[in-house]
Amino acid sequence: MYCILSADEKWGIGKDNRLLVSIPADMKQFREKTEGNVVIMGRKTLESFPKGLPLKNRVNIVLSSKTEASGNGEIVVRSVGEALEEVKKYPDKKIFVIGGSSIYEQFLPYVDMVYVTRIDRTYDADSYFPNLDEDENWEIASESEEQTCFDLTYRYVTYQRKKS
């Protein structure tokens, strides 16, 4: 299982149920990695998508105690355990946890790899991802060269869970 996200220097990932910044190349990478696979998200993440619709060309699993399936193709589950059972139906697909912060935290124990677009800036965020640089269970597996988008610099960093 994987997590995929973009985070600022302090591991901020969002504000007011929106991404901190939109980087076209990051969006493209997200699409390329997740298309044809399974994405797990919370209700607020689903609501943040255009018209609140599930992502196309993916199996969309939404963890929520409040939401019922809208009939737009998402699968609503009530617990992490129920989500883990649901993903067993897709053994040939990769499973990506895509947010928000509480969903990331709940699923992180089941994740082996985290794809992070690390943005070299600090934003006014209200949601965060756990700081993997300070977690002894994680190590950097790969890191891209610095990228730019207008006045932003960022890099793609892949973290992997250390083998015990």
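Before any of the text, the structure's been laid out above.
Residues numbered from 1 in each chain as written. Predicted model: local features only at pLDDT ≥ 70, side-chain atom pairs only at ≥ 80, totals over all residues. Heavy atoms only, no water.

The next point concerns the pairing of strand β1 (residues 2-7). Across the 6 residues that make up β1, a large majority, 6, are buried. Neither face of β1 is exposed, since Tyr 2, Ile 4 and Ser 6 on one face and Cys 3, Leu 5 and Ala 7 on the opposite face are all buried. Note: β1 against strand β7 (residues 95-97), 2 bridges, orientation parallel. Paired with Tyr 2 across the two strands is Phe 96, which belongs to β7. Both β1 and strand β8 (residues 113-119) contribute to a ladder of 6 bridges, which runs parallel. From the neighbouring strand, Ala 7 faces β8, where its bridge partner is Arg 118. (Buried < 20%, exposed > 50% of the residue type's maximum accessible area, 1.4 Å probe, protein only. Helix = DSSP H or I, 4+ residues; strand = E, 2+ residues; numbered from the N terminus. Pairing = 2+ DSSP bridges.)

A few words on the pattern of salt bridges. Under the defined criterion, the tally for this structure stands at 9 salt bridges. For Glu 47, the salt bridge goes to Arg 43, with nearest N and O atoms at 3.2 Å. With Glu 47 and Arg 43 both in helix α2 (residues 43-48) and 4 residues apart, the pair spans about one turn of that helix. Ionic pairing is found between Asp 120 and Arg 155, a salt bridge with its closest N-O pair at 3.0 Å. (Salt bridge = Lys/Arg side-chain N within 4 Å of Asp/Glu carboxyl O.)

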